[in-house]
Structure formats: C-alpha cells, structure tokens
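Coordinate inspection notes
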Amino acid sequence: MIAIPQRTIRQPVTRSGIGIHTGTSATIVCQPAPVGTGIVFVRADLPAAPEIRATLDAVSDTRRGVTLGGRTPVRTIEHLLAAVAGAGVSNLRVEVHGEELPILDGSAAPYVEALAEAGIVDQGGQRPLHTLDGPVWVVKDTAWVLAVPADHLRITYVVPLPATRLGTQVVDFDLSRHQFADEIAPSRTWGFAHELQALRQAGLARGASAANALAIGPEGYLSPPRFPDEPARHKVLDLLGDLMLAECVVHVHIIACGAGHTLHIELAARLAGSPPRAGEA
Ligand SMILES: [Zn+2]
C-alpha cells in the first residue's frame, strides 16, 4: 500500500512582482497550514480577507490562465500550484496582496526556489490517491486529453506549433524517471507574437514582456529558449498545476494534444470523480 504524506512548509516565504495579465504588482506570503487545509488563497488586500480554497468548484476563468473565485478573484495561480505539486505540498495558506499572482520569470522555478527556502515538512495525515479502471478523455475541437491507468504519474504532451518552423513538439515526463525542478519548472510561459495585440485588447497579457514570456513568430523563437522544446515542457508545468485542483494524487498516464487550461480542468474533474484506490484514501 502506498502512503502519500501530507506536507506543508516549515516557515513563511514571500515573493513580489507584476501579474502577467493585469500588469499590476502583488506580493504573496506562503504560510504553513495544518493537516487537511488544502491550498487556500487569501485576498489579504481586501477587508475581511476573503478565502478561496483551490478546488475545481472555485475555478471561474480558464482563458490563458486559471482564475479562482468570483467577486474577489485570485488570478494566474497555476505556476505556484505546479511548484506546490512538484514539492509534494498539500497544505498551504497563500496570502495574496493583490488580484493576480506574480508571474516572476514566467516559469515555476522561482516558486520552486521559494518553497525550498521555506523548507518542506511531512505532516500526520495521508493524501487521497486516485487512479482509473479504464481510459477517460476530454475533447474540444482538435485538442484532446486522454488518461489511462498507470502506477505513477506520467504526462506525454504533444504541442503542434502550426505555421512556425518549430513544427510539433513532444515531451514525455515521467515522475519516476525525471526531475520536475530541473526539467519542467524552468520552462516559461509562451505565446505567439501575432496574438499579443488581440490579447491586450481583451484585457489580458498587459504585463507580458521578454522578461516573463517566450514569444514565437513564424521563424521560431524571438529570444533564446531555455530548452529546445520549452513550450511543450511548459504545457506539462501548467497541467501539473491544474491537477492540484483535484485535491488528490493521481496515478495515471496522461496524453495531451494541443490542449490548455480548459481541458486540463475538465480532465481533473474526471480524475477527482474516480473512486479512490481502496484502503488508501
Ligand atoms: Zn503557464
């Protein structure tokens, strides 16, 4: 029987910076939290400091990022959640002084560093573990995500980059063989340069710059990438963060093609709804 411990951080840690969509500055303070808390965001800048627990039910927007909460939202949570997933942390209180989490360098690496600085501690309880009896999938237009039974988490991500010289990228990330912190966390947010104007008109990407995003044009990358397949690695990062909203550990092999947050969240809901493995919840 596999027992997966609940974990939190040893001491508070703070990070500040602008949000990639709002372009406004925010500070977050990650605090240790007791067993069973889950990941809870607190709008510490508002009167009464409303709390939003990071669950699938709390998701209110999945366009180019994940927003939780309605009237008092917290935006772009996925890169912190990916770092939290990578560290195996399950209980955390995240005080946000602002509406959107700092984008920092566009990757999860600064959050991985922050959690390591805070220290990770095992707690008493165990985390629920979900797996599958057979395949499940979600589809939207030409994008799809399939999950099949497995004895640990593996993610194979296919990213078609049409009309660019980059072609199609494939990353196969297997938690039993690869290191999240070195191979996935440093990959940055990316986007097509020709879409930037439209995103800004839609009120998104107002804080995007070469300091926090990798732009892609018809000829390929517009600045040096950290990995030749950085966009596909970043999709794995986003998916790991989004899966945290299922509030369980999943042992499945996920194969995704051309997907994004909307399909990730739909798949997470399917996995969360699958019965826990007997005797381990
Ligand atoms: Zn991302």
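Before reading on, note that the structure itself is shown above.
Everything numeric in this text was worked out from a predicted model, so none of it was measured. Residue numbering note: each chain is counted from 1, following its sequence as written. Per-residue local features are limited, in this predicted model, to residues with pLDDT of at least 70; the limit for side-chain atom pairs, both in listing and counting, is 80 or more; totals at the level of whole chains, interfaces and linings are taken over all residues. The side-chain quantities take in all heavy atoms of the structure and omit both hydrogens and water.

Strands are labelled as partners when DSSP assigns at least two bridges between them. A run of DSSP states H or I qualifies as a helix once it reaches four residues; a run of E qualifies as a strand once it reaches two. Both are numbered from the N-terminal end. On the basis of which strands lie adjacent, the open sheet formed by 5 strands has the order S2-S3-S9-S4-S5 and mixed pairing. Since the sheet does not close on itself, it has two edges, and those belong to strand S2 (13–18) and strand S5 (51–53), each with one partner. Averaged over all adjacent pairs, the angle separating strand axes in this sheet is 20 degrees, with direction ignored. Bridge count between strand S4 (residues 39–43) and S5: 3 bridges; the pairing is antiparallel. Across the sheet, Val 40 pairs through a bridge with Arg 53, a residue of S5. Working rule for contacts: check all heavy atoms of both residues, and any pair within 4.5 Å makes them a contact. In this analysis, axes come from line fits to C-alpha atoms, helices being fitted only over the stretch in contact, and the angle between any two N-to-C directions falls in the range 0 to 180 degrees. With respect to the sheet, helix H1 (residues 78–87) is in contact with strand S3 (25–32), S4 and strand S9 (92–97), its orientation differing from that of S4 by roughly 145 degrees.

Moving on, we get to the environment of Arg 43. By the element assignment, Arg 43 lies in strand S4. Burial classes follow relative accessibility: with a 1.4 Å probe on protein chains only, a residue under 20% of its type's maximum area counts as buried, one over 50% as exposed, and anything between as partly exposed. Residue Arg 43 is classed as buried on the basis of its relative accessible area, which comes to 7%. With 181 residues separating them in the primary sequence, Arg 43 and Pro 224 have C-alpha atoms 36 Å apart. In this structure Arg 43 touches Ala 49, Pro 50, Thr 72, Pro 73, Val 96, Gly 98 and Glu 99, once residues within four positions along its chain are discounted.

On to the coordination of the zinc ion, then. Donor atoms: N, O and S within 2.8 Å of the metal, or within 3.2 Å for Na, K and Ca. Because water is excluded, sites can look incomplete. Protein-derived coordination of the zinc ion comes from His 79 (NE2), His 234 (NE2), Asp 238 (OD) and Asp 238 (OD), at a distance range of 2.1 to 2.8 Å. A four-donor site is classed as tetrahedral when every donor-metal-donor angle falls between 85 and 135 degrees; four donors are called square planar, and six octahedral, when trans pairs exceed 155 degrees and all remaining angles lie between 65 and 115, with any other arrangement labelled irregular. One way to put it: the 4 donor atoms around the zinc ion meet at angles of 51 to 152 degrees, and that makes the site irregular. In terms of primary sequence, the donors binding the zinc ion are separated according to H-x154-H-x3-D. You can see His 234 and its partner Asp 238 sitting in helix H5 (residues 230–243), 4 residues apart, about one turn around the helix. As far as burial versus exposure is concerned, His 234 and Asp 238 are alike and both buried.

Moving on: the packing of H1 against H5. The interhelical angle for the contact between H1 and H5, taken along N-to-C directions, is 80 degrees, at an axis separation of 7 Å. Judged by the inter-axis angle, H1 sits roughly perpendicular to H5. Where H1 abuts H5, its residues Glu 78, His 79, Leu 81, Ala 82 and Ala 85 lie against His 234, Leu 237, Asp 238, Leu 240, Gly 241 and Asp 242. Each residue is assigned to one of three groups, with Ala, Val, Leu, Ile, Met, Phe, Trp, Tyr, Cys and Pro labelled nonpolar, Asp, Glu, Lys and Arg labelled charged, and all others, Gly among them, labelled polar. For the contact of H1 with H5, the class distribution of residues is 5 nonpolar, 3 polar and 3 charged. An angle counts as roughly parallel when it lies under 35 degrees, as roughly antiparallel when it exceeds 145, as roughly perpendicular when it falls between 65 and 115, and as oblique in every other case.

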